[in-house]
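# Summary of structural features
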Amino acid sequence: MTGTTARVLVLLPAYNEREALPGVLAELHETLPSVDVLVVDDGSRDDTAEVARRGGARVLRLPFNVGVGGALRAGLLLARREGYDVVVQCDSDGQHPPAEIPRLLAALAGNDLVIGARFAGEGDYRVRGLRALAMRFLATVMTRVHRTPLTDVTSGFRAFGPRAVAVLCAEMPREYLGDTVEALVVAKEHRLRVGQVAVTMRVRQGGVVSHRGLRSALYLGRVLVMLGLALMRLVRARRRSS
Amino acid sequence: MKAELFAGLLALVAIAVVLRMVSRRRLVVKYAVLWLVVSTVMVVMALIPSSVAWISDLAGFEVPSNFLFFVGYGLLLMVNLQHSTELTTVERQVQRLAEEIAILSEREDQRDGG
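Before going into details, it helps to say that this report is about the structure given with it.

Here is what the cut-offs are and how they apply
- Residues numbered from 1 in each chain as written.
- Chains lettered and ligands numbered in written order.
- Predicted model: local features only at pLDDT ≥ 70, side-chain atom pairs only at ≥ 80, totals over all residues.
- Helix = DSSP H or I, 4+ residues; strand = E, 2+ residues; numbered from the N terminus.
- Buried ≥ 20, exposed ≤ 12 C-beta atoms within 10 Å, placed from the backbone.
- Contact = placed C-beta atoms within 7 Å.
- Rg over C-alpha atoms; globule rule 2.2 N^0.38 Å.
- Right-handed = clockwise from strand over helix to strand, strands pointing away.
- Pairing = 2+ DSSP bridges.
- Axes fitted to C-alpha atoms, helices over the stretch in contact; angles between N-to-C directions.
- Parallel < 35°, antiparallel > 145°, perpendicular 65-115°, else oblique.
- Nonpolar A, V, L, I, M, F, W, Y, C, P; charged D, E, K, R; others polar.
- Expected span 1.5 Å × (residues − 1).

## A few points about the overall build of chain A
What chain A contains, in helices and strands, is eight helices and seven strands. Going through the 242 residues of chain A one by one, you find that 46% of them count as buried. For chain A, the proportion of contacts with a sequence separation of at least 24, taken over those separated by at least 6, is 77%.

## Structural notes on the overall build of chain B
Within chain B, the regular secondary structure consists of four helices and zero strands. Secondary structure elements of chain B occur, N-terminal to C-terminal, as α-α-α-α. Here the C-alpha radius of gyration of chain B, 23 Å, is well above what a compact globule of 114 residues would show, namely 13 Å. When its C-alpha atoms are laid out on the principal axes, chain B stretches across 80 × 30 × 15 Å.

## Topic: the interface of chain B and chain A
With eight residues of chain B at the contact, the number on the chain A side is eight residues. For the side of chain B that touches chain A, the elements supplying multiple residues, two or more each, are helix H1 (2-23) and helix H4 (64-113) of chain B. Among the elements that make up the side of chain B that touches chain A, the one with the highest residue count is H4 of chain B (four residues).

## Quick look at the pairing of strand S2 (residues 36-42) of chain A
Residues and elements named next belong to chain A. S2 sits mainly inside the fold: six of its seven residues count as buried. Following the chain from strand S1 (residues 8-14) across helix H1 (residues 21-31) to the adjacent parallel S2, one finds a crossover that is right-handed. As paired strands, S2 and strand S3 (residues 58-62) are joined by five bridges and run parallel to one another. Its bridge partner lying in S3, Val39 is registered against Val59. At this point the chain moves from S2, through helix H2 (residues 48-54), to the parallel S3, and the crossover so formed is right-handed.

## Brief notes about the environment of Leu27 of chain B
Residues and elements named next belong to chain B. Within the secondary structure layout, Leu27 lies in the loop between H1 and helix H2 (29-47). Assessed through the 16 C-beta atoms surrounding it within 10 Å, Leu27 is described here as partly exposed. Not counting the four nearest positions on each side in its chain, Leu27 is found in contact with Val18, Met21, Val22 and Ala32.

## A closer look at the packing of helix H3 (residues 49-58) of chain B against H4 of chain B
Residues and elements named next belong to chain B. Orientation of H3 relative to H4, taken along the N-to-C sense of each, is 80°, at an axis distance of 9 Å. It follows that H3 is roughly perpendicular to H4 by the angle criterion. Residues Val52, Ala53 and Ser56 of H3 form the contact with H4, whose own contacting residues are Pro64, Phe67 and Leu68. The class makeup of the residues in the contact of H3 with H4 is five nonpolar, one polar and no charged.

## Considering unusual backbone geometry
Residues and elements named next belong to chain A. A positive phi angle, near 50°, is found at Asn16, a position not held by glycine. Of note, Asn16 is situated in the loop between S1 and H1. For Asn16, a count of 19 C-beta atoms within 10 Å translates into the label partly exposed. A positive phi angle is found at Arg147, which is not glycine, with a value near 50°. The exposed category is assigned to Arg147, around which 9 C-beta atoms lie within 10 Å.

## Thoughts on the pairing of strand S7 (residues 194-198) of chain A
Residue and element names in this part refer to chain A. Burial of S7 is extensive: four of the five residues sit out of reach of the surface. Judged from the five bridges that link them, strand S5 (residues 113-117) and S7 form a sheet pairing that is parallel. Its bridge partner being in S7, Ala117 is matched across the sheet by Ala198.

## A short note on the sheet that holds strand S4 (residues 86-89) of chain A
All names here are of chain A. Overall, mixed pairing links the seven strands, which are arranged S3-S2-S1-S4-S6-S5-S7 in an open sheet. For this open sheet the edge positions go to S3 and S7, each flanked by a neighbour on one side alone. When strand polarity is set aside, the average angle formed by the axes of neighbouring strands in this sheet is 20°. Sheet analysis places S1 next to S4, joined by four bridges and oriented parallel. From the neighbouring strand, Leu11 faces S4, where its bridge partner is Gln89.

## Quick notes on helix H7 (residues 178-189) of chain A
Its twelve residues give H7 of chain A an end-to-end C-alpha distance of only 14 Å, which falls more than 12% under 16 Å, the value for a rise of 1.5 Å per residue. Looking one or two residues beyond H7 of chain A, the residue adopting positive phi is Arg191 of chain A, at roughly 55°.

Interpretation note: all reported values are geometric properties and have no functional meaning in isolation.
Put into structure tokens, the structure is as follows:
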């Protein structure tokens, strides 16, 4: 399914990304001329949609902000309706090098969902403090859940095979963190095979990570609540199926 | 003593029901949080009944039960306010969706006619 004949859609959720988007689209077109690119404008206040269209991408313009999870649902639904085999999710801020996409696609041969992971040895991406602790904890739990090493579960650089597209266009959670971590639990509920590929990532071209002190404590709290509930759901799903 | 036991058990049942609803996606976390906080406080009060008298005395209430009624009333108002703000957001979004659909269908009409 994932050979050169597969129809691939690159999906870029974008919120106020007029600065970074032209560069990202140009690079995508240069490195992967044969793939289609879809930008989901998540209710941006700037002219992200026009910029994306000028850059040669198809654009879904959401009338108001629905969050990354909601934007992904829209993109995955379009992919499913139009018969794309594979969807690659990238950030629209230039963090994820298009040159790494073929490696994600190659890994779809044995998996339904492949994560491009920052901490798997490549590149020099670093986070510190409570947030780092939360991310490491999530990685440990998800490694247990999927019985395969997953070191960067909050990465927004992912490839979805046909089964993952079918499941997640309907089941992708819209809540905070739902598009990354909870989506992996949903994947497990539906017996999707999840794997990871180590990728080099760049410094984001715009925006700042805003997690300090109290905020990162709050982040950790939300992570724990979300994870607890998601795992409860998983246990229940397993009990039902056995 | 009996009343506290009853209230505590009720709160535990409430916690279980709310968690179950959230895990079945019948309830979103943001609505569940307030209920879970209330239930947890109720459990604590049932476990340490003297805490109620202490706090109500601290707040200047002569009868602890009046304090409980007051707090319960306040919490219900808070839930109500939360729902009102969410409803406001949802109404605004529905309005926006209606506008988007109207524009889309006008475009369709133009295409059909021209």
